[in-house]
Amino acid sequence: MARTTARRASVDDDRPVSANYHANALARGIALLERLAARGGALTLNDFNADTGLPKSTLVRLLGVLEEMGYVVRADERPAYRLGHKTLTLSTAYLSGLDLSQIAGGHLAGVAGDTGQTANLGVLDGREVLHVCVREPDRPIRFHTMPGTRDAAYCTGLGKMLLARLDPADLAAHLPPEPFPARTEQTLTTAAALTGDLRDTAARGYAVDDNEGNVGLRCVAVPVEVGGLCLAAVSVSGPSAEFGEVARAGYLDRLRAAGAALAADADVVAALEYLHSSLRSGAPRTQEDG
């Protein structure tokens with residue numbers, strides 16, 4: 001008796017043909033929007049046809065639906081199309097819904113867990129560093145701060161890393177009047193002394209706060225770079241005695257890995273860019289705003 005081999009069920013077997021059709025149409029429509037976004041201007045029906053290989057009749061149907069829903073606008077009679085206002089609604093909702101403390105939290109939690117020190121992500125805002133994400137290690141003795149808090153840039157690891165990446169011509173706008181307040185005996189209180197420290201920071205690629213902001217506290221920080229731009233800095237802070245040469249080298253290796261991971265996280269980068277835009281406009285988001 002001949003043996004029959006049972007056919008393995010497909011994930012689409014229980015779906016109606018219409019479901020696959022609509023899924024394909026949705027994917028094609030989104031692909032057209034992505035092509036318009038990549039172009040940054042209008043595309044003609046001929047452009048879409050050449051790019052996608054889809055029949056013009058199919059393109060007309062897809063673009064007609066997108067136009068009806070406000071996601072594309074017919075720009076002229078060739079016909080050519082550009083992105084519509086609904087795409088701005090989506091992008092604005094996406095950006096306003098990003099909570100840096102949440103989306104960067106996983107990256108920093110790993111740093112805090114691996115180093116046993118408090119991990120911080122900060123951006124420069126005027127003369128201050130704004131802490132946008134903080135994760136503390138699970139130990140009784142640790143440096144404590146909270147997202148949304150601010151500290152002086154000139155005497156902190158995060159701040160000095162961010163200041164070191166500025167154009168030297170822009171540095172003065174981010175410093176207090178001289179002499180800078182001496183928070184400890186180690187605080188650099190003149191622009192000349194700080195500028196020398198920032199040159200060293202830029203050359204070695206990381207910043208050090210050696211009891212400059214608080215007695216008994218050390219910090220090391222590295223940049224979070226995207227396309228050659230320093231969008232933020234990430235650091236670990238903790239008891240001075242735990243930042244010996246060997247320990248510090250290990251912390252820096254972990255921070256560099258975290259900086260690269262943060263820069264590769266599209267949500268984190270979008271949130272940082274949006275935050276910088278808000279800070280430039282004079283209306284930074286609070287932690288409650290996300």
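Structure shown above.
Everything quoted here is computed from the prediction, not taken from an experiment.

1. Details of the overall build of the protein chain
- The helix and strand tally for the protein chain stands at 10 helices and nine strands.
- In terms of C-alpha radius of gyration, the protein chain reaches 26 Å, well past the compact-globule figure of 19 Å for 290 residues.
- Counting only C-alpha atoms and orienting by the principal axes, one finds that the protein chain spans roughly 80 × 65 × 35 Å.
- The proportion of buried residues among the 290 residues of the protein chain is 40%.
- Within the protein chain, counting contacts between residues at least 6 apart in sequence, those at least 24 apart form 57% of the total.
- Of the roughly 15,600 Å² of accessible surface on the protein chain, 54% is carried by carbon and sulfur atoms.
- One finds the centroid of the 29 positive side-chain charges in the protein chain at a distance of 7 Å from the centroid of its 35 negative side-chain charges.

2. Considerations on the nonpolar core
- With 34 residues, the main nonpolar core has Leu100, Leu121, Val123, Val220, Val234 and Leu262 as its most contacted residues.
- Contributions of two or more residues to this core are made by α6 (105–115), β4 (118–125), β5 (128–135), β8 (217–226), β9 (229–239), α9 (245–264) and α10 (266–280).
- Broken down by element, the residue count for this core peaks at seven residues, all from α10.
- The contacts of Val234, once residues within four sequence positions are left out, are Leu108, Asn120, Leu121, Leu158, Val220, Ala221, Val222, Val224, Leu255, Gly259 and Leu262.
- Core analysis: the next-biggest nonpolar cluster, separate from the first, contains 20 residues, Tyr154, Leu158, Leu198 and Ala221 among them.

3. Considerations on the pattern of salt bridges
- Under the criterion given, the structure shown has 13 salt bridges.
- A salt bridge links Arg254 to Asp114; its shortest N-O distance comes to 2.6 Å. Note that Arg254 is positioned in helix α9 and Asp114 in helix α6, a separation of 140 residues in sequence.
- By relative accessible area, which is 23% here, Arg254 ends up partly exposed.
- Since its relative accessible area comes to 56%, Asp114 is described here as exposed.
- The closest approach of N and O atoms between Arg142 and Glu136, which form a salt bridge, is 2.7 Å.
- Given a relative accessible area of 39%, Arg142 falls into the partly exposed group.

4. Overview of unusual backbone geometry
- The omega torsion of the bond from Arg78 to Pro79 falls at 0°, within 30 degrees of zero and hence cis.
- Along the chain, Pro79 turns up in the loop between β2 (72–76) and β3 (80–83).
- Cis geometry is found at the peptide bond from Glu178 to Pro179, where omega equals -10°.
- If you trace the backbone, Pro179 turns up in the loop between α7 (157–164) and α8 (191–204).

Parameters and conventions
- Residues numbered from 1 in each chain as written.
- Predicted model: local features only at pLDDT ≥ 70, side-chain atom pairs only at ≥ 80, totals over all residues.
- Heavy atoms only, no water.
- Helix = DSSP H or I, 4+ residues; strand = E, 2+ residues; numbered from the N terminus.
- Rg over C-alpha atoms; globule rule 2.2 N^0.38 Å.
- Buried < 20%, exposed > 50% of the residue type's maximum accessible area, 1.4 Å probe, protein only.
- Contact = heavy atoms within 4.5 Å.
- Areas by Shrake-Rupley, 256 points an atom, 1.4 Å probe, with all protein chains shown as cover.
- Lys, Arg positive; Asp, Glu negative; His and termini not counted.
- Charge placed at Lys NZ, Arg CZ, Asp CG, Glu CD.
- Core = buried A, V, L, I, M, F, W, Y, C linked by side-chain atoms within 4.5 Å.
- Salt bridge = Lys/Arg side-chain N within 4 Å of Asp/Glu carboxyl O.

Take it as geometry only, folks, not as evidence of what the structure does.
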